[in-house]
Amino acid sequence: MVSNNKIKRIGILTGGGDCPGLNAVIRAVVKNAIFHYQLEVIGFLEGYLGLIKNMTRRLEATDASGILHQGGTILGTSNRDNPFRFPVTMRGKKNLRDVSDQAIRNLRRNKVDALIAVGGDGSLTIAYQLYKKGIPIVGIPKTIDNDLWGTDVTFGFNTALQTAMEAIDKIQTTAASHHRVMVVEVMGRYAGWIALEAGIAGGGDVILIPEIPYDIERVCEVVRERYRYGKRSSIVVVAEGAKPQKGEVVVQKMVEDSTDPVRLGGVGYKVGNEIEKRTGLETRVTVLGHIQRGGSPIAYDRILATRYGAEAVELVMRGKFGRMICLRGMKIDSISLNRIQGDQRKVFPNGDLVKTGRCIGVSFGE
Ligand code: F6P
């Protein structure tokens with residue numbers, strides 16, 4: 001424990017898409033702040049929108065009680081509201097304006113001495129921009145995609161992985177009963193971590209990830225070959241960001257004003273339709289979607305989120321700002337927010353787990 005007399009009150013917000021473990025982080029921040037440092041804690045609601053619009057909630061120790069196992073976030077979140085590009089309507093016309101000074105005024109109005117921002121790359125980029133404007137900030141990495149540069153693991157990922165694996169387990173039994181090809185589309189944006197790990201853990205036969213562009217004919221060959229050997233069902237796990245060797249990702253829609261306007265989705269149907277057309281085998285598609293973001297965090301994520309939250313308060317008390325908490329191996333550490341800008345943590349196409357998959361006969365559609 002350290003003492004820092006200048007810090008009396010801290011703020012916390014959860015930004016970006018929700019994920020399991022957010023409440024565990026809030027709980028750890030509130031408990032460490034109040035029990036060890038007698039700080040006051042102010043929660044900003046709905047991500048950065050709360051900072052812009054001054055929507056707050058005082059967090060007492062009792063608010064942090066009983067929420068460890070709960071999915072979602074008691075503070076609410078948003079993956080749209082960016083104080084540096086906030087939509088403002090004037091004379092019927094919508095413009096994106098920099099309202100960061102307004103957000104900073106709200107921090108001062110609430111007498112917040114330091115802010116803890118829990119988020120993915122979009123939210124942590126905003127955190128870094130606020131830090132450059134003089135706000136004492138510490139970031140905590142969250143996302144089911146596990147695509148944040150600078151940390152070995154984000155919390156939320158392992159729960160999403162467990163959910164995806166359990167879904168594949170269930171799909172295996174119906175696939176085998178009907179002798180069908182089953183395509184399972186999982187989330188992950190431009191990184192294939194969920195598809196790769198859930199595919200290996202769930203016994204997928206083909207795994208398509210963004211980092212290894214696929215050849216649909218190769219995928220079909222694998223399915224046909226399995227059929228020839230008497231394996232009349234196949235499981236194809238597809239990351240939403242997977243793309244063919246000569247083609248692009250499938251965009252489901254664009255969400256204007258979002259920190260990342262592209263919403264991926266639909267590649268599962270594209271792959272499934274092609275397999276059925278080319279092989280003549282009955283094929284069904286399941287898109288797991290937001291079920292991967294919901295539910296109670298598994299033990300790993302509860303522990304990781306608790307370690308991240310507790311350490312964020314330690315960093316605040318040491319006056320180490322402009323940093324993101326991270327995990328390196330088994331150890332909790334921190335890294336400059338500057339160093340994580342613009343990079344994404346992707347699967348290495350020749351990394352250990354891909355090699356393991358190849359060793360046991362998994363096809364990556366190459
Ligand atoms: O980043 C988390 C994530 O769930 C991605 O895997 C997915 O592409 C995206 O968010 C979906 O966003 P939304 O909730 O806006 O549909």
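Residues numbered from 1 in each chain as written. Predicted model: local features only at pLDDT ≥ 70, side-chain atom pairs only at ≥ 80, totals over all residues. Heavy atoms only, no water.

## Focus on the site of the ligand
Condition: Residues are classed as near a molecule or strand on a simple rule: at least one heavy atom within 4 Å of it. Pairs of N or O atoms within 3.5 Å make up the polar contacts considered here, provided that, within protein, one atom can donate a hydrogen while the other can accept it, and that residues adjacent in sequence are counted only when both atoms are side-chain atoms. Surface accessibility follows the Shrake-Rupley procedure with a 1.4 Å probe radius. Residue values consider only the protein chains on display as shielding. Residue polarity follows a fixed list, in which Ala, Val, Leu, Ile, Met, Phe, Trp, Tyr, Cys and Pro are nonpolar, Asp, Glu, Lys and Arg are charged, and the others, Gly among them, are polar.
Looking at the ligand, the residues that line it are Asn79, Ile144, Asp145, Met187, Gly188, Arg189, Glu240, Arg263, His290 and Arg293. Between the ligand and Asn79, the relevant distance is 3.1 Å, taken from an oxygen atom to a side-chain nitrogen or oxygen of the residue. Between Glu240 and the ligand, the recorded distance is 2.6 Å, taken from a side-chain N or O atom to an oxygen atom. In the complex, the protein chains occlude 81% of the 400 Å² of accessible area that the ligand would expose alone. For the shell around the ligand, the residue count by class is 2 nonpolar, 3 polar and 5 charged.

## A short note on the sheet that holds strand S1 (residues 9–14)
Strands pair in a sheet through their backbones, by hydrogen bonds, and they do so in one of two ways: parallel or antiparallel. The criterion, for reference: We treat two strands as partners when DSSP finds at least two bridges between them. Only DSSP runs of H or I reaching four residues or more are called helices, and only runs of E reaching two or more are called strands; each is numbered from the N terminus. To obtain each axis, a line is fitted to C-alpha atoms, and for helices this fit is confined to the stretch in contact; angles are then taken between N-to-C directions over 0 to 180 degrees. The contact criterion used is simple: two residues touch if any of their non-hydrogen atoms lie within 4.5 Å.
Strand order in the open sheet formed by 7 strands is S3-S2-S1-S6-S7-S14-S15, and the pairing between neighbours is mixed. Among the strands making up the open sheet, the edge pair consists of strand S3 (56–59) and strand S15 (331–336). Here the average twist between neighbouring strands, direction ignored, is 30°. Pairing of S1 with strand S2 (residues 40–44) involves 4 bridges; the strand directions are parallel. Within the sheet, the bridge partner assigned to Ile12 lies in S2 and is Gly43. In the packing of helix H1 (residues 22–37) onto the sheet, contacts are made with S1, S2, S3, strand S6 (114–119) and strand S7 (137–141), and the angle to S1 comes to roughly 180°. With respect to the sheet, helix H9 (residues 299–317) is in contact with S1, S6, S7, strand S14 (323–328) and S15, its orientation differing from that of S14 by roughly 140°.

## Structural notes on the packing of helix H7 (residues 216–228) against helix H8 (residues 267–279)
Basically, it comes down to this: In what follows, roughly perpendicular refers to angles from 65 to 115 degrees, roughly parallel to angles under 35, roughly antiparallel to angles over 145, and oblique to any angle outside these ranges. Crossing chirality is assigned from the near helix's rotation relative to the far helix, an anticlockwise turn below a right angle marking it left-handed and a clockwise turn marking it right-handed.
Orientation of H7 relative to H8, taken along the N-to-C sense of each, is 60°, at an axis distance of 10 Å. Taken as axis vectors, H7 and H8 run oblique relative to one another. In the crossing of H7 with H8, the sense of the turn from one axis to the other is right-handed. Where H7 approaches H8, its residues Ile216, Glu217, Val219, Cys220 and Arg224 are matched on the opposing element by Val271, Glu274, Ile275, Arg278 and Thr279.

## Observations regarding the side chain of Ser363
Threshold: Residue exposure (1.4 Å probe, protein chains only): buried if accessible area is under 20% of the type maximum, exposed if over 50%, otherwise partly exposed.
With respect to the helices, strands and loops of the structure, Ser363 is situated in the segment after helix H10 (352–359). Of the residues examined, Ser363 reaches a relative accessible area of 9% and is grouped as buried. Here the side chain of Ser363 touches Gly365 through a polar contact of 3.0 Å, landing on its backbone nitrogen.

All quantities given are derived from atomic positions and should not be read as evidence of function.
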